[in-house]
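Chain by chain, the residues:
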Amino acid sequence: MPTVSVKRDLLFQALGRTYTDEEFDELCFEFGLELDEITSEKEIISKEQGNVKAAGASDVVLYKIDVPANRYDLLCLEGLVRGLQVFKERIKAPVYKRVMPDGKIQKLIITEETAKIRPFAVAAVLRNIKFTKDRYDSFIELQEKLHQNICRKRALVAIGTHDLDTLSGPFTYTAKRPSDIKFKPLNKTKEYTACELMNIYKTDNHLKHYLHIIENKPLYPVIYDSNGVVLSMPPIINGDHSRITVNTRNIFIECTGTDFTKAKIVLDIIVTMFSEYCENQFTVEAAEVVFPNGKSSTFPELAYRKEMVRADLINKKVGIRETPENLAKLLTRMYLKSEVIGDGNQIEIEIPPTRADIIHACDIVEDAAIAYGYNNIQMTLPKTYTIANQFPLNKLTELLRYDMAAAGFTEVLTFALCSQEDIADKLGLDISATKAVHISNPKTAEFQVARTTLLPGLLKTIAANRKMPLPLKLFEISDIVIKDSNTDVGAKNYRHLCAVYYNKNPGFEIIHGLLDRIMQLLDVPPGEDKGGYVIKASEGKTDEPNPELVKVSGGGYTLFLMKLVILIWDFRKKGR
Amino acid sequence: PQWLLAGPIIEAELRSTKRWELTAEGEEIAREGSHEARVFRSIPPEGLAQSELMRLPSGKVGFSKAMSNKWIRVDKSAADGPRVFRVVDSMEDEVQRRLQLVQGGQAEKLGEKERSELRKRKLLAEVTLKTYWVSKGSAFSTSISKQETELSPEMISSGSWRDRPFKPYNFLAHGVLPDSGHLHPLLKVRSQFRQIFLEMGFTEMPTYNFIESSFWNFDALFQPQQHPARDQHDTFFLRDPAEALQLPMDYVQRVKRTHSQGGYGSQGYKYTWKLDEARKNLLRTHTTSASARALYRLAQKKPFTPVKYFSIDRVFRNETLDATHLAEFHQIEGVVADHGLTLGHLMGVLREFFTKLGITQLRFKPAYNPYTEPSMEVFSYHQGLKKWVEVGNSGVFRPEMLLPMGLPENVSVIAWGLSLERPTMIKYGINNIRDLVGHKVNLQMVYDSPLCRLDAEPRPPPTQEAA
């Protein structure tokens, strides 16, 4: 869940009233937000770097607010305030308008070289904007929040914002060999080639995370103006030439990416949020994007979509009985302008460009429920009549667990993931013989494979408990995983029972007795002739007293163990 | 043992005194002089070869002591090897004098420093003498009458028990704990959750497949292929077997269409859906993948029959580990599928479920989950922490998930989930998850853990005084 940090006083000023922390927390809860933390810059720095460094930092109270991952329209102060004000019916949701410029429309021409690396681009212009320090900071911060969330760390979409007055269109979005790209990037004093930049940014704590997106590609994406000035090399860095400042009045925004839908959403969010500060509030100047095939479109889309939902559907899905008029009012409070039409049971809902998360009627139903107040909904029990069944394997497991404890053995719970060494080398087996499934991206050796036997976990438990009085009698009933090409995923779980007896004296007869007891519990008689069980020496090393095993657990003691694969269907099939 | 003492027949008071005694070597020195004095005396005026001196019984120890006392010197330039000469004409053998003082019972005349020096040389030893002063006890008697500790069959048959004195039981002593096995606390809680679901008429879903395809874990749940949960940083993917061998291709096509183009009343996500991505095998990140399989199987059965399902099993996350997060944990999941289920029904079922856990104060917060809409987080008021804490997550499965499976349009599926570890840690007062799960767990904790009675009053947290 993304966290947005806003200055409390600025927030209250924009909301037109103050709240106590508890009141604001309550409002957040109701709206589906979470007031995660109340802090200040000073407190943050002092927590992370100590009191000394925090000495000069700001005391201004910050609210850190958790926002649902699909509400990109709430990722900045402007959006939060608009959402809450509409929710509280203090303002009407603004209508966002795309307008054509008086003069020539700004053009962004996409060349076909971009196809293989970052094929999509959209653009728009914010005209006559008025920034303050706080507004400017919020503008930058929103881009960062979008980059981290919907843009998937710039892999899907990257945003570039430029001072239009320093540039001259039309703009060209193309891709070039890194050695052929040369410009002065943001916050540097001289020009570098793209190759040099990629090297420099390897040690940049912020930018190094994005290099991999284009690093090994033959061509890098780049945007030029008509004079050959580099606007940006997405998704890494903008040019210094067109950098925006608090004083910038006209902003050219470009979003490039590999996901066209998301690029359009990101552009819509930025312009809807910050057109608030334009001379003509909530209007955005269109830009034309020319595609490699010669066709062109204007952006931002700022599309308003109409959905029709029946009032009784909303009532039925939520479990309430509201009039269509009331439901329309509830939805309008959620930034979804709605009215009752037709037979009086139909609600027409207008989905604004800020609400890209509304993709189905169920999203509208949820918003109606939120506005109604989840905690005002009458709780009822469904009349669903069902007979419960246990899963047979788990039922048997439960029964056996209790009787294993009754037999004096103590249950342990160990990890299903472990190292290759645990299931192979330490047991004297070759890893290929284990038929284990292998994890491709383990962060440490502890997560290399799924266990193929419960034994390592039991032995490690003994090793960690050598101070406990002897004997240790331990068991575990749980799943192991083996590769199996007969299943749809190519691997299969098996339920194992594994028990160990650990003492100063050999105790084979004890583990043997436990096996006999388990067989008794499973109603399997001894003796092959009776269709029962026999114990035979195993070829494998793990089924006999093995000094290697004892070494694993770290004691000088003798240790016996048993493993038993529970195959209940096998017992049944034999049908003694 | 305490319970054998039949009563205070006698009182015994322990008195201990300390005194200084000479060791065997100390005795010898008191008698014959210190080693250094003996060395000094053995050197004639014309000196003595050092090699010869060293052969004397006191030679080695005495030589170095006499040297440091500056009683003797060594002439290394002598013709036939180093030779030792007296430096002074006479000396006082302080060591012998002091030891003789101690021998004479006047150890107190020596200073603390002098005594400890002699003790270091192992000439003196401090001896503690323990004595008991015995006097008559309150139940003093000169005749012995043994109190019986146990009632025997003979006493009963002869009736002699009527006249015998019996020793009273000592209830303050600890009893002998029975030898027994123990169940693991987390799995005791698991048993209780199973029990609750069964009491509520929920059928257990099969979950015995830790390995799952991305398709069932994500795509089937309408979780888009670029979703951050599908990142290498969050999910364990498999190198071998890297890909699922079979997928239900008809259904896969419907899922693909819903993601990339929409349908079933949905706009879809409008991106290029890739089969390769769906085939990628992983360690399931939630048991909802098993729920998806169960619902898909349900959808293939015609006509539709309402169901209530549950599961409790392991899930895996490639996350940063801390005191409350491990790479694997148990997820509890409940699912109800029926015609016309509402959000109010979901809340009603949750209320019943949490009541059985002993949690009655509930509150619901709007939330976002990729595969449920509406979604709600469940909060309960924690008396100890004096605040609302999240106890579970829930919602109504999206139509984009259910309809491609083939479920009828008017069937709704409500679901909720929580972790098994969190309520267990709260229940047993455990702060670090490593003290509960895994091989490093202290077996004593397993031995000592009480029954799991979720609906009983929880033990009050220890106060400052108790701690």
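About the thresholds
- Residues numbered from 1 in each chain as written.
- Chains lettered and ligands numbered in written order.
- Predicted model: local features only at pLDDT ≥ 70, side-chain atom pairs only at ≥ 80, totals over all residues.
- Heavy atoms only, no water.
- Helix = DSSP H or I, 4+ residues; strand = E, 2+ residues; numbered from the N terminus.
- Rg over C-alpha atoms; globule rule 2.2 N^0.38 Å.
- Buried < 20%, exposed > 50% of the residue type's maximum accessible area, 1.4 Å probe, protein only.
- Contact = heavy atoms within 4.5 Å.
- Domains from an automatic or database assignment.
- UniProt positions renumbered as here; feature names shortened; annotations may be inferred.
- Buried area = accessible area lost by both parts, 1.4 Å probe.
- Salt bridge = Lys/Arg side-chain N within 4 Å of Asp/Glu carboxyl O.
- Polar contact = N/O pair within 3.5 Å; in protein donor to acceptor, adjacent residues only side chain to side chain.
- Nonpolar A, V, L, I, M, F, W, Y, C, P; charged D, E, K, R; others polar.
- Pairing = 2+ DSSP bridges.
- Axes fitted to C-alpha atoms, helices over the stretch in contact; angles between N-to-C directions.
- Parallel < 35°, antiparallel > 145°, perpendicular 65-115°, else oblique.
- Patch = residues over 30% accessible without salt bridge, like charges linked within 9 Å, V, L, I, M, F, W, Y side chains within 5 Å.
- Areas by Shrake-Rupley, 256 points an atom, 1.4 Å probe, with all protein chains shown as cover.
- pLDDT = per-residue confidence, 0-100.
- Expected span 1.5 Å × (residues − 1).
- Phe/Tyr/Trp six-rings, centres within 6.5 Å; stacked < 30°, edge-to-face > 60°.
- Lys NZ or Arg CZ within 6 Å of the ring centre and 35° of its normal.

(A) Inspection of the overall build of chain A at higher detail. What chain A contains, in helices and strands, is 18 helices and 26 strands. Against the 2.2 N^0.38 benchmark of 25 Å for 576 residues, chain A shows a C-alpha radius of gyration of 33 Å, more extended than a compact globule. In terms of principal-axis extent, the alpha carbons of chain A reach across some 100 × 65 × 55 Å. Within chain A, the proportion of its 576 residues that are buried is 53%. Contacts spanning at least 24 positions in sequence make up 70% of the contacts within chain A whose residues lie at least 6 apart.

(B) Here's a closer look at the domain arrangement of chain B. Looking at the assigned domains, one finds that chain B contains domain 1 (10-133) and domain 2 (185-448). Put simply, the middle of domain 1 of chain B and the middle of domain 2 of chain B, counted by C-alpha atoms, are 83 Å apart.

(C) Up close: the UniProt feature "domain: B5" (unreviewed entry) in chain A. Within this structure's numbering, the places UniProt gives as "domain: B5" (unreviewed entry) are residues 302-379 of chain A. Span residues 302-379 of chain A is 38% helix and 22% strand, its end C-alpha atoms 39 Å apart.

(D) Geometry of the interface of chain B and chain A. The interface of chain B with chain A comprises 105 residues on the first partner and 95 residues on the second. When chain B packs against chain A, the two sides together hide about 8600 Å² of surface, and 58% of this comes from carbon and sulfur. When the area that chain B buries against chain A is broken down by residue, the three leading residues are L183(B), Y208(B) and H439(B), summing to 9%. Our count for the chain B to chain A interface comes out at nine salt bridges. E26(A) is the salt-bridge partner of R363(B), the closest N and O atoms lying 3.0 Å from each other. On the surface where chain B and chain A come into contact, there are 55 residue pairs in polar contact (both at pLDDT 80 or more). Among the elements that make up the side of chain B that touches chain A, the one with the highest residue count is helix α13 (residues 343-356) of chain B (eight residues). Residue classes in the side of chain B that touches chain A are distributed as 47 nonpolar, 33 polar and 25 charged.

(E) Focus on unusual backbone geometry. Residue P300(A) follows F299(A) across a cis peptide bond; omega there is -5°. By secondary structure assignment, the location of P300(A) is in the loop between β16 (296-299) and β17 (305-310). Look at the link from E373(B) to P374(B): it is a cis peptide, with omega at -5°. Of note, P374(B) is situated in strand β13 (residues 372-382). The phi dihedral of R152(A) is positive, around 50°, even though this residue is not glycine. With respect to the helices and strands, R152(A) occurs in the loop between α6 (133-148) and β7 (157-163). With phi around 50°, K153(A) is a residue other than glycine that occupies positive phi space. Inspection of the secondary structure assignment puts K153(A) in the loop between α6 and β7. Residue K153(A) is classed as partly exposed on the basis of its relative accessible area of 45%.

(F) Fine view of the pairing of strand β11 (residues 328-339) of chain B. Residue and element names in this part refer to chain B. Taking burial as the measure, the 12 residues of β11 include 11 buried ones, the bulk of the element. Relative to β11, strand β10 (residues 307-316) runs antiparallel, the two sharing 10 bridges. Bridging across to β11, Y309 finds its partner in V335.

(G) Representation of helix α2 (residues 21-31) of chain A within the structure. Listed in full, the buried residues belonging to α2(A) are F24(A), L27(A), C28(A), F29(A) and F31(A). The first or second residue beyond α2(A) is G32(A), which carries a positive phi of 95°.

(H) View of the packing of helix α2 (residues 35-42) of chain B against helix α4 (residues 59-68) of chain B. All names here are of chain B. Where α2 contacts α4, the axes come no closer than 7 Å and their chain directions differ by 85°. Here α2 lies roughly perpendicular to α4, going by the angle between them. Contacts from H35, E36 and V39 of α2 reach α4 at G59, V61, G62, F63, K65 and A66.

(I) Highlighting the pairing of strand β15 (residues 283-290) of chain A. All names here are of chain A. Among the eight residues in β15, eight count as buried, and that is most of the element. Alignment of strand β4 (residues 97-99) against β15, held across three bridges, turns out to be parallel. Counted as the bridge partner of V99 is E285 from β15. When strand β5 (residues 106-110) meets β15, the two strands line up parallel, connected through four bridges. Its bridge partner being in β15, I109 is matched across the sheet by V290. Both strand β6 (residues 120-126) and β15 contribute to a ladder of two bridges, which runs antiparallel. Residue pairing across strands places A124 opposite A286, the latter belonging to β15. Bridging between β15 and β16 involves four bridges; their strand directions are antiparallel. Bridge pairing in β16 links A287 to F299. Following β15, the chain reverses through five residues before pairing antiparallel with β16; G294 in that reversal takes a positive phi of roughly 95°.

(J) Quick peek at the side chain of H147(A). All names here are of chain A. Its location among the elements puts H147 in helix α6. By relative accessible area, which is 5% here, H147 ends up buried. Apart from the residues lying within four places of it in its own chain, the contact partners of H147 are R152, K153, R154, V157, A158 and I159.

(K) Examining the sheet that holds β17(A) more closely. Residues and elements named next belong to chain A. Taken in spatial order, the three strands of this open sheet run β17-β19-β18, and their pairing is antiparallel. What marks the edges here is a single partner per strand, and that holds for β17 and β18 (337-341). Ignoring which end each strand starts from, the neighbouring axes of this sheet average 25° apart. Where β17 lies against strand β19 (residues 346-351), six bridges are found, and the strand directions are antiparallel. Its bridge partner lying in β19, R310 is registered against Q346. Sitting on the sheet, helix α9 (residues 311-318) touches β17 and β19, and the angle it makes with β17 is about 70°.

(L) Spatial organisation of a nonpolar patch on the surface. The grouping of I9(B), I10(B), L14(B), Y132(B), V134(B) and F140(B) at the surface amounts to a nonpolar patch, some 590 Å² of accessible area in total. Positionally, L14(B) belongs in strand β1 (residues 10-22).

(M) Focus on the confidence of the model for chain A. Residues and elements named next belong to chain A. Averaged over all residues, the pLDDT of chain A equals 88, while 93% of them reach at least 70. The least confident element of chain A is helix α18 (residues 568-574), whose mean pLDDT is 31; the most confident is strand β20 (residues 410-411), at 97. For the stretch residues 541-562, pLDDT sits under 50, and the model shows 60 contacts to residues farther than four places along the chain or on other chains. When the criterion is pLDDT under 50, residues 565-576 qualifies, and its contacts beyond four places in sequence or with other chains add up to 18 contacts.

(N) Inspection of the pattern of salt bridges at higher detail. Counted under the stated rule, the structure contains 59 salt bridges over all chains. Close ionic contact of D231(B) with R152(A) constitutes a salt bridge, the shortest N to O distance being 2.5 Å. Of the two residues, D231(B) sits in the loop between α9 (214-217) and β8 (238-240) while R152(A) sits in the loop between α6 and β7, which places them in two different chains. Linking E277(B) and K280(B) is a salt bridge whose minimum nitrogen-to-oxygen distance equals 3.2 Å. Classification of K280(B) by relative accessible area gives partly exposed; the value is 32%. A cluster of three or more residues bridged by salt bridges with shared partners is formed by E398(A), R401(A), E411(A), R190(B), R194(B) and E204(B).

(O) Representation of helix α12 (residues 392-406) of chain A in the model. All names here are of chain A. Compared with the 21 Å implied by 1.5 Å per residue over 15 residues, the 21 Å span of α12 between its first and last C-alpha is a close match. When α12 is considered as a whole, its buried residues turn out to be L393, N394, L396, T397, E398, L400, R401, M404 and A405. Positive backbone phi, at 95°, marks G408, one or two positions downstream of α12.

(P) Here's a closer look at the packing of aromatic side chains. Residue and element names in this part refer to chain A. Enumeration according to the criterion identifies 38 aromatic pairs over all chains in this entry. Note that R154 overlies the ring of Y210, its terminal NZ or CZ placed 4.0 Å from the centroid. The ring centre of F260 lies 4.4 Å from the NZ or CZ of K264, which sits over that ring.

(Q) Focus on the sheet that holds strand β2 (residues 34-40) of chain A. All names here are of chain A. One open sheet accounts for three strands, arranged β1-β3-β2; its pairing is antiparallel. Looking at the sheet topology across the chains shown, the edges are occupied by β1 (3-7) and β2. When the angles between neighbouring strand axes are averaged without regard to direction, this sheet yields 25°. Sheet contacts for helix α1 (residues 8-15): β1 and β3 (61-66); angle to β1, the most-contacted strand, approximately 80°. Along the sheet face, α2 touches β2 and β3 and points at about 145° away from the line of β2.

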